[in-house]
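The lines below spell out each chain.
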Amino acid sequence: MSMRHSRGNKSLFSLYFLISALVSQCAQAELPPGPGKSLVEAVCVSCHSTGRIERTAGFDSAAEWRAFIESMVQLAEPQANTIASYLAEHFPADPKRKPQLIDGPVQISIEEWMVPTLGQRARDPIEAPDGSIWWTGMWASLV
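These figures come from a predicted structure and were not determined experimentally.

**Student:** Which residues make up the nonpolar core, and what values go with them?
**Tutor:** With 12 residues, the main nonpolar core is built from Leu31, Val40, Cys44, Ile53, Trp65, Ile69, Ile83, Ala84, Tyr86, Leu87, Ala88 and Phe91. Those elements that provide at least two residues to this core are α4 (62-70) and α5 (77-90). Of the residues forming this core, the biggest block, five residues, is contributed by α5. When neighbours within four sequence positions are excluded, Ala88 is seen to be in contact with Ser61, Ala62 and Trp65.

This is the structure:
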């Protein structure tokens, strides 16, 4: 797959991502009451809008939420458990938000990796001519 961007396309992509980020941050939803709500608001909402949490595909268990949280931030055991339990109770897996399988033969190759800085969700990875992978970190202006 070849990716080519003209200067105009880069400007449009940059504008799109800026607007998306602003809209996402402004989309605040009221979280359901319960043990852990204030902790979620203090920890999770420092990076994510409540709307983003509300629109998640969710997970089937607190353990799955915990693994997801650990990919973003390191928390003390009690905090991580409280947040994961709250999210599992109020934001279980939602099959409507899961990807849909398609019929027919499909061959893909996916390589996953943990970014070296916690909380920096890798975005827009691209392969350089020398084979190295360049990516941007969402929350700290990293390349």
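**Student:** Explain the pairing of strand β1 (residues 122-127) to me, using residue names and the numbers behind them.
**Tutor:** Sheet topology places β1 next to strand β2 (residues 133-137); four bridges connect them, and they run antiparallel. Each residue of the ladder has a partner; that of Ile126, found in β2, is Trp134. Taken together, β1 and the strand that follows it, β2, pair antiparallel across an intervening segment of five residues, in which Gly131 is found at a positive phi of about 95°.

**Student:** Help me get a handle on α4, residues and values and all.
**Tutor:** Trp65, Arg66 and Ile69 are the residues of α4 that are buried. Within α4, the buried residues cover an arc of 100° as seen down the axis, which keeps them to one side. On its buried face, α4 is in contact with α5.

Analysis parameters
- Residues numbered from 1 in each chain as written.
- Predicted model: local features only at pLDDT ≥ 70, side-chain atom pairs only at ≥ 80, totals over all residues.
- Heavy atoms only, no water.
- Core = buried A, V, L, I, M, F, W, Y, C linked by side-chain atoms within 4.5 Å.
- Buried < 20%, exposed > 50% of the residue type's maximum accessible area, 1.4 Å probe, protein only.
- Helix = DSSP H or I, 4+ residues; strand = E, 2+ residues; numbered from the N terminus.
- Contact = heavy atoms within 4.5 Å.
- Pairing = 2+ DSSP bridges.
- Arc of directions from axis to C-beta.

Such coordinate-based values are descriptive only and should not be taken to indicate function.
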